[in-house]
Number of protein chains: 2
Amino acid sequence: MRISFDEAQKTLARTLVKHGCGQDQAQKVALEMARNSLEGGYTHGINRFARLVRNMDEGIVIPGVSPVKMAGFGAIENYDGGMGMGVTNAWFCMARAIELARMHGLGLIALRNTNHWMRAATYGYQACEAGMAGICFTNTIPNMPAWGASDSRMGNNPLVFAFPRKAGPVVVDMAMSQFSYGALEVARLAGKEMPIDAGFDSRGRLTRDPGEVLASQRILPTGYWKGAALSLALDLFAGCMSLGNTVSQVGRLPGDEHGVSQVFMAIDFNRIAPAEQAEQTAQNAIDDLLGSTPAQAGTRIVYPGERMMEIRRENLEKGIPVDDTVWRQILELD
Amino acid sequence: MRISFDEAQKTLARTLVKHGCGQDQAQKVALEMARNSLEGGYTHGINRFARLVRNMDEGIVIPGVSPVKMAGFGAIENYDGGMGMGVTNAWFCMARAIELARMHGLGLIALRNTNHWMRAATYGYQACEAGMAGICFTNTIPNMPAWGASDSRMGNNPLVFAFPRKAGPVVVDMAMSQFSYGALEVARLAGKEMPIDAGFDSRGRLTRDPGEVLASQRILPTGYWKGAALSLALDLFAGCMSLGNTVSQVGRLPGDEHGVSQVFMAIDFNRIAPAEQAEQTAQNAIDDLLGSTPAQAGTRIVYPGERMMEIRRENLEKGIPVDDTVWRQILELD
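Source: prediction; values computed, not measured.

Caption draft 1: Focus on the overall build of chain A. What chain A contains, in helices and strands, is 12 helices and 13 strands. Scaling as 2.2 N^0.38, a compact globule of 334 residues should have a C-alpha radius of gyration of about 20 Å, and chain A matches this with 20 Å. Dimensions of chain A, computed from the C-alpha atoms along their principal axes, are close to 55 × 50 × 45 Å. At a minimum sequence separation of 6, the contacts of chain A that also span at least 24 residues come to 65%. Looking at chain A as shown, the accessible area adds up to about 12300 Å², and 50% of this sits on carbon and sulfur atoms. Here chain A contributes 32 positive and 35 negative side-chain charges, whose respective centroids are spaced 1 Å apart.

Caption draft 2: A look at the nonpolar core. Counting residues in each nonpolar core, the largest one holds 112 residues, and the members touching the most others are Leu159(A), Phe161(A), Leu159(B) and Phe161(B). Among the nonpolar cores identified, the runner-up in size contains 53 residues, and Leu38(A), Ile46(A), Tyr79(A) and Met85(A) belong to it.

Caption draft 3: Structural detail: the packing of helix α10 (residues 275-290) of chain A against helix α8 (residues 225-242) of chain B. Put simply, α10(A) and α8(B) touch, their axes get as near as 9 Å, and they point 145 degrees apart. The way α10(A) lies across α8(B) gives a crossing that is right-handed. Between α10(A) and α8(B), the contacting residues are Ala278(A), Thr281(A), Ala282(A), Ala285(A), Ile286(A) and Leu289(A) on the first element and Leu232(B), Asp235(B), Leu236(B), Gly239(B) and Cys240(B) on the second.

Caption draft 4: How the structure looks around the confidence of the model for chain A. Mean pLDDT over chain A stands at 96; residues scoring 70 or higher make up 100%. Overall fold confidence (pTM) sits at 0.97, and the ipTM for the predicted complex is 0.97.

Caption draft 5: Layout of unusual backbone geometry. Residue and element names in this part refer to chain B. Residues other than glycine seldom take positive phi values, yet Gln217 does so here, at roughly 60 degrees. The residue Gln217 is located in the loop between α7 (210-216) and α8 in this model. Positive phi, close to 55 degrees, is recorded for Leu243, a residue that is not glycine. Its location among the elements puts Leu243 in the loop between α8 and α9 (247-252).

Caption draft 6: How the structure looks around the sheet that holds strand β8 (residues 159-163) of chain B. All names here are of chain B. Taken in spatial order, the seven strands line up as β2-β3-β4-β12-β5-β8-β9 in an open sheet, and their pairing is mixed. Pairing within the sheet leaves two strands with one partner each, and these edge strands are β2 (68-73) and β9 (170-174). If you compare each strand with its neighbour and ignore which way they point, the axes differ by 10 degrees on average. Alignment of strand β5 (residues 133-138) against β8, held across four bridges, turns out to be antiparallel.

Caption draft 7: Structural detail: the relation of the copies chain B and chain A. Between chain B and chain A, which share one sequence, the superposing operator has a rotation angle of 180 degrees and an axial displacement of 0.0 Å; the RMSD is 0.0 Å. In symmetry terms, the pair is related by a two-fold rotation axis. If distances are taken from each C-alpha of chain B to the rotation axis, the shortest is found for Gly223(B), at 2.0 Å. Of the residues that chain B buries at the interface, 100% are likewise interface residues in chain A, meaning the two copies contact each other through the same surface.

Caption draft 8: Spotlight on the sheet that holds strand β3 (residues 76-80) of chain A. Residues and elements named next belong to chain A. Pairing is mixed across the open sheet formed by seven strands, whose spatial order is β2-β3-β4-β12-β5-β8-β9. In the strand order of this sheet, the two ends are held by β2 (68-73) and β9 (170-174), each with one partner. Each adjacent strand pair in this sheet contributes to an overall mean axis angle of 10 degrees, direction not counted.

Caption draft 9: Expanded view of the packing of helix α2 (residues 23-38) of chain A against helix α4 (residues 86-104) of chain A. All names here are of chain A. Running from amino to carboxyl end, α2 crosses α4 at an angle of 95 degrees, the nearest separation of the two axes being 9 Å. The angle between the axes of α2 and α4 places the two elements in the roughly perpendicular class. Across the interface between the two elements, Gln25, Lys28, Val29, Glu32 and Arg35 of α2 pack against Val87, Thr88 and Trp91 of α4. Of the residues in the contact of α2 with α4, the class split is three nonpolar, two polar and three charged.

Caption draft 10: Summary view of the side chain of Ser231(B). Inspection of the secondary structure puts Ser231(B) in helix α8. If we ignore the near neighbours within four places in the chain, the residues touching Ser231(B) are Met144(B), Met154(B), Gly155(B), Asn157(B) and Met176(B).

Caption draft 11: Quick look at the interface of chain B and chain A. If you look at the interface, chain B gives 91 residues, while chain A gives 91 residues. Taken together, the two surfaces of chain B and chain A that pack against each other cover about 7200 Å², and 75% of this comes from carbon and sulfur. For Asp288(A), the salt bridge goes to Arg153(B), with nearest N and O atoms at 3.4 Å. Connecting chain B to chain A are 21 residue pairs in polar contact (both at pLDDT 80 or more). Per element, the largest residue contribution to the side of chain B that touches chain A is 13 residues, and it comes from α8(B). Here the side of chain B that touches chain A is composed, by residue class, of 56 nonpolar, 22 polar and 13 charged.

Caption draft 12: Region of the structure containing α10(A). Helix length check: α10(A) (16 residues) gives 22 Å between terminal C-alpha atoms against 22 Å at 1.5 Å per residue, within 8%. For α10(A), every residue scored as buried is listed here: Ala278(A), Glu279(A), Thr281(A), Ala282(A), Ala285(A), Ile286(A), Asp288(A) and Leu289(A). Buried residues along α10(A) sit in contact with β8 (159-163) and β9 of chain A together with β7 (152-154), α8 and α9 of chain B.

Caption draft 13: Molecular detail of the environment of Ile62(A). Residue and element names in this part refer to chain A. Looking at the secondary structure, you find Ile62 in the loop between α3 (49-58) and β2. Residue classification places Ile62 among the partly exposed positions, given a relative accessible area of 34%. For the pair formed by Ile62 and Leu106, sequence separation is 44 residues and the distance between their alpha carbons is 30 Å. With residues up to four places along the chain from it excluded, the contact list for Ile62 reads Gly82, Met83, Gly84 and Met85.

Caption draft 14: Local environment of α8(B). All names here are of chain B. Look at α8: 26 Å from first C-alpha to last across 18 residues, which is about the 26 Å you get at 1.5 Å a residue. In terms of burial, α8 is a largely internal element, 17 of the 18 residues being buried. Phi for Leu243, located one or two positions after α8, is positive at around 55 degrees.

Caption draft 15: Expanded view of the pairing of β9(B). Residue and element names in this part refer to chain B. When you tally the buried positions in β9, you get four out of five residues, the bulk of the element. Note: β8 against β9, five bridges, orientation antiparallel. Bridging from a neighbouring strand, Phe163 pairs with Val170 of β9. In textbook terms, the turn of a hairpin is the stretch between consecutive antiparallel strands, and for β8 and β9 this stretch comprises six residues, one of which, Gly168, has a positive phi near 125 degrees.

Calculation criteria
Residues numbered from 1 in each chain as written. Chains lettered and ligands numbered in written order. Predicted model: local features only at pLDDT ≥ 70, side-chain atom pairs only at ≥ 80, totals over all residues. Heavy atoms only, no water. Helix = DSSP H or I, 4+ residues; strand = E, 2+ residues; numbered from the N terminus. Rg over C-alpha atoms; globule rule 2.2 N^0.38 Å. Contact = heavy atoms within 4.5 Å. Areas by Shrake-Rupley, 256 points an atom, 1.4 Å probe, with all protein chains shown as cover. Lys, Arg positive; Asp, Glu negative; His and termini not counted. Charge placed at Lys NZ, Arg CZ, Asp CG, Glu CD. Core = buried A, V, L, I, M, F, W, Y, C linked by side-chain atoms within 4.5 Å. Buried < 20%, exposed > 50% of the residue type's maximum accessible area, 1.4 Å probe, protein only. Axes fitted to C-alpha atoms, helices over the stretch in contact; angles between N-to-C directions. Left-handed = near helix turned anticlockwise from the far one by under 90°. pLDDT = per-residue confidence, 0-100. Pairing = 2+ DSSP bridges. Least-squares fit on C-alpha atoms with pLDDT ≥ 70 in both. Parallel < 35°, antiparallel > 145°, perpendicular 65-115°, else oblique. Nonpolar A, V, L, I, M, F, W, Y, C, P; charged D, E, K, R; others polar. Buried area = accessible area lost by both parts, 1.4 Å probe. Salt bridge = Lys/Arg side-chain N within 4 Å of Asp/Glu carboxyl O. Polar contact = N/O pair within 3.5 Å; in protein donor to acceptor, adjacent residues only side chain to side chain. Expected span 1.5 Å × (residues − 1).

Set out below in structure tokens:
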């Protein structure tokens, strides 16, 4: 079925209010989760909503809480998220990073004791809407083995680099695993192989077979040893700058993932590189890239963020595709 | 053969002076390039020295030049590198980012018209020595295809995340290609396969055969589409913030790679997260990771930066391993 963006927002917001959110927070979280689905980030949109409500009911995500400042010096600040809603906590922190960047050229916020921010790209787009470049990342529960290890002690710690353009921002949103467990599960049920190595089988050989990876639980870091290394660095930045939980500590908290640590940076680079010149430089770079020769006839080269705008256009017009069962479950929470 | 760290530095410095460097700059560049080899970064140390001298002789790397400030606002500044020596230009900019971070909590420098900085990790360690976290990246000539493309229009744009610890910094230094062309060439000559996919063959299939990849020139972005996406973001950050050359523009400059753009960030996070607590948090995270179960008996799990310290110790004691021919060529430049 397809649900209009407007109906999706209203339904989610109403449900959040029934489960303890104030009106403003409910509308913001509903907007962002509906928008995630609208823009093709289905796994972190409507499909994840019932889990968020369950987390609220369990008391591990606490509505009505805002981040509290713990320390600050110039353009860097440290907040405690009080186990509040991940979306509004993260939005608050990127907004504060943007404010600091207006004053200092750039700003950095470290946030501890927060919850899943849903789609990482959201906060990159937030910086871009303010005309700024953004970098942000989060840690997660342990869900990926260190390079050379068989047990999962690293997070897949999504990382965002976002660059604003009037013609459409370039937003890279990458988890440190090559595929999510969700994507492997979908492929396994469909009886499909992954297009590239997805992890290791139980004998330690790289494999594209999702069932083998789900059995071994040895999912592949993106870039093999490189993504594993970057995952650790992101965890240290987030955990140590916020004095919050690192991946291993998040893993020891009982119940569903909560209490993660995040970092948000905004860069008001137009103060040193005037917007018009920067825009032209970016346009030239992207034009050159899109002029690449496709390896296969009939395909085209896109930049990160381009496909999102197309999906958004289509889903605004036709409605957001939603699984019937998922939507029924949400209506039952209402 | 093995050359002592001291002899390597003295020889390189003397040669640089003969080719137009002042004493101070010669000693700094010689120190860093000898240190790269000392610490296992062989491709960006002594092995690359003859090429640097050739670039100086050709006039595309200009000794005696320092970055000149073009614009600044608070904690962000923009410099023109005047096509100077990449190592001293980059060192200058990270040093300035560190100064800005002392004042503002963090600092960012964008640098244009600079040259190859040799080992990317150098400037991450520089931030760590000042007790700060560092992020830096550079663009390069086009040397990697966009995802889905057959011609090379992206750079492999190395990225560094560095986190300081008294017990040894954690430094991730990753190019956006999975392997360098140099590594493929070495494997091809040795008749070896790469351990994982290294690129595409001429029919567009993923392959571990280095010869096939060298023939197709379709090297693999690290993380497949993810590294390709991140490569573009880094190019836009560096090129647009510095108003310098993007990858495509670097590719159009005649001769060997020159005139690249870079970004340097330093974060004085101990202002918001006291050193002792941050150090303990990092130690716990790393201890947990190193407690992973190795997938193969007899192997061990390391953190990024750990192996470097071991190689450094060995090469300090025994001397730096240097290819006879490479060293003879350097002595001929002297």
